[in-house]
Structures are given as structure tokens and as C-alpha cells.
Amino acid sequence: MAQAILVMHEKNGDYYRMNKTSFEKLPVIGEHIYNNDGLTYLIEDVVSLAGYESAKAVTAILVVKPTAKTDPVSELYGLDPEKDFEM
């Protein structure tokens, strides 16, 4: 299990931490992920912490940017992320 911190890359060049998450297989640059906010994000960069393994700490930092709602990847084909991600 790869634990990661999602970091948002804004248009003006700023970065801010979004949340912590876990992946079975760490995403790569160019892949899309769905966050718990129900939105789709494009992976811009993966900052791996070389040789660092811990059950309690981050193993990578993922730099992401949101995709446009009109982008086909934002469609989950019949799923309603806002409803489906409710706890």
C-alpha cells in the first residue's frame, strides 16, 4: 500500500496540500485519479521518497490539477461520485 499526500497545483503556480490517501499501486504522471470530493484530477508529478517505507508515514507526494468538468474523463459513466463517496 502506497500512502501519498495530494498537493494541488494552482494556475498561478502556488501549491497547497489537499489530503492524505492510499493507493494499492502508486499512480504515474498523466494518469487520472478520483478524489473523495468526487472530482477528477490529473497527476502532474510524483515525488517519491526514495528508499523510505513506513506504515505510518507518506511514501510519495502527488502533484495534481483538477480536470475540467467537460473533460470526458470527468464522467464516471453512470456513477454519481458526490453521492457514492458519502459516508
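Rules and cut-offs
Residues numbered from 1 in each chain as written. Predicted model: local features only at pLDDT ≥ 70, side-chain atom pairs only at ≥ 80, totals over all residues. Heavy atoms only, no water. Helix = DSSP H or I, 4+ residues; strand = E, 2+ residues; numbered from the N terminus. Buried < 20%, exposed > 50% of the residue type's maximum accessible area, 1.4 Å probe, protein only. Contact = heavy atoms within 4.5 Å. Areas by Shrake-Rupley, 256 points an atom, 1.4 Å probe, with all protein chains shown as cover. Salt bridge = Lys/Arg side-chain N within 4 Å of Asp/Glu carboxyl O. Pairing = 2+ DSSP bridges. Axes fitted to C-alpha atoms, helices over the stretch in contact; angles between N-to-C directions.

Of regular secondary structure, the protein possesses one helix and five strands. Each of the 87 residues in the protein was classed as buried or not, and the buried ones make up 28%. Pairs at least 24 residues apart make up 40% of the contacts formed inside the protein by residues separated by at least 6 positions. Surface exposure of the protein reaches about 6,200 Å², of which carbon and sulfur atoms provide 54%.

Once that is clear, we can look at the pattern of salt bridges. Counted according to the given criterion, the structure contains one salt bridge. A salt bridge links Glu44 to Lys65, with the shortest nitrogen-to-oxygen separation between them at 3.8 Å. Here Glu44, found in strand β4 (residues 40-48), pairs with Lys65, found in strand β5 (residues 60-66); they are 21 residues apart in sequence, far enough to count as distant. Judged by relative accessible area, which is 26%, Glu44 ranks as partly exposed. Looking at Lys65, the relative accessible area reads 34%, which means it is partly exposed.

A word on the sheet that holds strand β2 (residues 15-23). If you walk across this open sheet you meet the five strands as β2-β1-β5-β4-β3, and the pairing is mixed. Looking at the sheet topology across the chains shown, the edges are occupied by β2 and β3 (32-34). Neighbour-to-neighbour, the strand axes of the sheet open up by a mean angle of 40°, direction not taken into account. Note that strand β1 (residues 2-9) and β5 share five bridges and pair parallel.

Inspection of the secondary structure puts Thr67 in the loop between β5 and α1 (81-84). Separated by 28 residues in the primary sequence, Thr67 and Leu39 have C-alpha atoms spaced 7.9 Å apart. Excluding residues within four positions of it along the chain, Thr67 makes contact with His32, Thr40, Tyr41, Leu42, Val73 and Ser74.

Quick look at the environment of Leu62 now. Within the secondary structure, Leu62 is located in strand β5. When the C-alpha atoms of Leu62 and Ile29 are compared, they prove to be 8.9 Å apart, with 33 residues separating the residues in sequence. Apart from residues lying up to four places away in sequence, Leu62 is in contact with Ala4, Ile5, Leu6, Val7, Phe23, Leu26, Pro27, Ile43, Asp45 and Val46.

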